[in-house]
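Here's the letter readout for the chains.
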Amino acid sequence: MEKENIAVGLDIGTTKIVAMIGKKNEYGKLEILGVGKSKSLGVARGVVNNITQTIQSIQQAVVEAETNSGYKINDVVVGIAGQHIRSIQHTDYVIRTNPEEVISGRDIQLLIDQVNKLAMLPGEEIIHVLPQEFKIDGQSEIKEPIGMYGGRLEASFHVVVGQASSIRNVGRCIQSSGIELSGLTLEPLASADAVLSQEEKEAGVALIDIGGGTTDLAIFKDGIIRHTAVVPFGGNVITDDIKEGCSIIEKQAELLKTKFGSAWPGENKDNEIVSIPGLRGRDPKEISLKNLSKIIHARVVEIVEQVFTEIKVYGHEDPRRKLIAGIVLTGGGAQLKHIKQLVEYITGMDTRIGYPNEHLAGNSSEEISSPLYATAVGLVMNSIENNSNSAYKIELKEYVPETPRQIAFQQPMQQVAQQEAVAEEEIIKELSPEINLETETTENKIKRSFFDRYVEKIKDFLDNAE
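Residues numbered from 1 in each chain as written. Predicted model: local features only at pLDDT ≥ 70, side-chain atom pairs only at ≥ 80, totals over all residues. Heavy atoms only, no water.

A. Examining the overall build of the chain more closely. When its secondary structure is counted, the chain shows 13 helices and 18 strands. For the chain, buried positions account for 50% of its 466 residues. Sequence separation of 24 or more characterises 68% of the internal contacts of the chain that already satisfy a separation of 6 or more. For the chain, the exposed surface amounts to about 23,300 Å²; the carbon and sulfur share of it is 48%. (Helix = DSSP H or I, 4+ residues; strand = E, 2+ residues; numbered from the N terminus. Buried < 20%, exposed > 50% of the residue type's maximum accessible area, 1.4 Å probe, protein only. Contact = heavy atoms within 4.5 Å. Areas by Shrake-Rupley, 256 points an atom, 1.4 Å probe, with all protein chains shown as cover.)

B. The packing of aromatic side chains, seen in detail. Counted according to the given criterion, the structure contains one aromatic pair. Where W264 meets Y345, the ring centres are 5.6 Å apart and the plane angle is 85°; that geometry is what we call edge-to-face. Taken together, the residues W264 in the loop between α7 (250-260) and β15 (273-276) and Y345 in helix α9 (residues 339-347) connect sequence positions 81 residues apart. Looking at W264, the relative accessible area reads 27%, which means it is partly exposed. Its guanidinium or amino end placed over the ring of Y93, R152 lies 3.9 Å from that ring's centre, counting from NZ or CZ. Its end group placed over the ring of Y314, R321 keeps NZ or CZ at 5.3 Å from the ring centre. (Phe/Tyr/Trp six-rings, centres within 6.5 Å; stacked < 30°, edge-to-face > 60°. Lys NZ or Arg CZ within 6 Å of the ring centre and 35° of its normal.)

C. Local environment of the environment of L329. Looking at the element boundaries, L329 is found in strand β17 (residues 327-330). Apart from the residues lying within four places of it in its own chain, the contact partners of L329 are I208, I210, A334, I339, K340, V343, T351, R352, I353 and G354.

D. Inspection of the packing of helix α1 (residues 51-69) against helix α3 (residues 164-176) at higher detail. Where α1 meets α3, the axes come as close as 9 Å, and the angle between the chain directions of the two elements is 50°. As far as their axial angle goes, α3 and α1 are oblique. α3 is crossed by α1, and the crossing has right-handed handedness. Between α1, through I51, T54, I55, I58 and Q59, and α3, the contact on the second element is made entirely by N169, C173, I174 and S176. Counted by class, the contact of α1 with α3 contains five nonpolar, four polar and no charged residues. (Axes fitted to C-alpha atoms, helices over the stretch in contact; angles between N-to-C directions. Parallel < 35°, antiparallel > 145°, perpendicular 65-115°, else oblique. Left-handed = near helix turned anticlockwise from the far one by under 90°. Nonpolar A, V, L, I, M, F, W, Y, C, P; charged D, E, K, R; others polar.)

By themselves, these observations are geometric and do not establish any function.
Right, dumping it as C-alpha cells:
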C-alpha cells in the first residue's frame, strides 16, 4: 500500500465499525477505494467494554474493506469518542533565546510540547493540543506567527483529554487485529473535516454528530476550534425507548425507528398504524405511528437540550461568539425524519444536515455520501493530511483482567501465550522456504492465524470456567 497517497480510517462506533480506504485523485477530491462495515460488538457509548468481541468486529470490517479494495491494510487512523472525553482551555508561553531570529515551526512545537506535559487528573491523558490564537510580545489576535519576530511567544490552546485506560484499550484492539495504529483523532473533529466548509468555520458553526452511543459537539469560530463536548446519549437510547414503550424486540424497534420514525409527532395522523409480526406464532402487534413519534420526540428533545446547554456554555449569545452558520447535524441520527425542524425549534438556530459528499469524488456511491459515514470519511482525510497534531502514539501496557472469572484464569492464559510464541517460531522456521519475505500479505496471514488460535484457546479456558 503506497503510504503517500492511500490512507485508511477506522471508525469504532457503538453500533457499527467502519474501515474505509481512500486516496486523493488528481482533482484533490477523496476517492473511496473500499469500505468494510461490521456490527460493533463490545463497545458501549463509545468505550470498549469487551476486548475480544471488539477485535473480532474490527477484523471483520478490515477484511471486507481489503476484499472490496484489493489493498492490504497495514495501519489506520482511528476515531476516539466516548463519555470520558472532556476539553479544557489553557494558555501558555515560551521565552525565545534569540528574539532576532524569526519564529519557526520549531518554536510552536516547543510550545505544544510544553502543554503536553500538563498534569491531568489521575487516569487521564491528553489526546489533542490544538492552538487557537497567538500573542507575540503582547500583540494579540495573531493566527499565523511563523516568520514574525518576537521574544515571548504565547498561545491559547484547546486541550482534549481522555481516560488513559479507554485510549489504551482501543490501541490494544487495533494491534491485536494485526494492524498498526498510526494516529488517533477525536471523532467530532474528523466529522467536521468531512462535512463543514471553511466559510462555515469562519462564520461560526456548531457541528452535532448523533451516533449510536454518544452525541458529539464541535464548535468553530473564526476558523478555529472553540469548544468540544460529548453527550453520553445517542440513537441507541431512542431504540431502547421504542423497545420498552411498544413491548417489541430490539431489531423491530430499530427498524421502526429508521423506516417510520419521526422526531415531530404532529406529522403523523391518529389512524396511521404499522403491524409488527408476532414472535413464534403470536398475533401481530399494531403500533400507532403517532405514539411512536411521541416516544422518539421525547428522547430527541432531551439529547438536543443537553447539546444546546453545551452551546450555551461556549457563550454563543455573546456577539463576538455568535454562530452565524448555525448548526450542522451529521451521523446516523441525523437521518431521522424531521430532526432538522426539531433542532431549529429548540435552539432557534439555522440548521442543515451535513453530508460528506463535498470532499468526495464524483463517482462515489450514494451510500458513502450518507451522514452515517461522515466520521469515517473525515478519518481518511485526516490520515491523508497526516497532521502531526492529530497523531497520538500510544504506549501500550499489559492488559490486566478485571473480573474475578478472568483473574482466575490469568495464569493459564499467560501460559497459552508463551506456548503460542514458541509454536510461532517453530512454524515460521518450517514454512520459511515457501514464504516470499517481501510480501506483507503472507506475514500478516501468519500473524492472524496465531492470533485466532490464541483467541480460541482463551475461549476454551473461559468456557471451562462456567
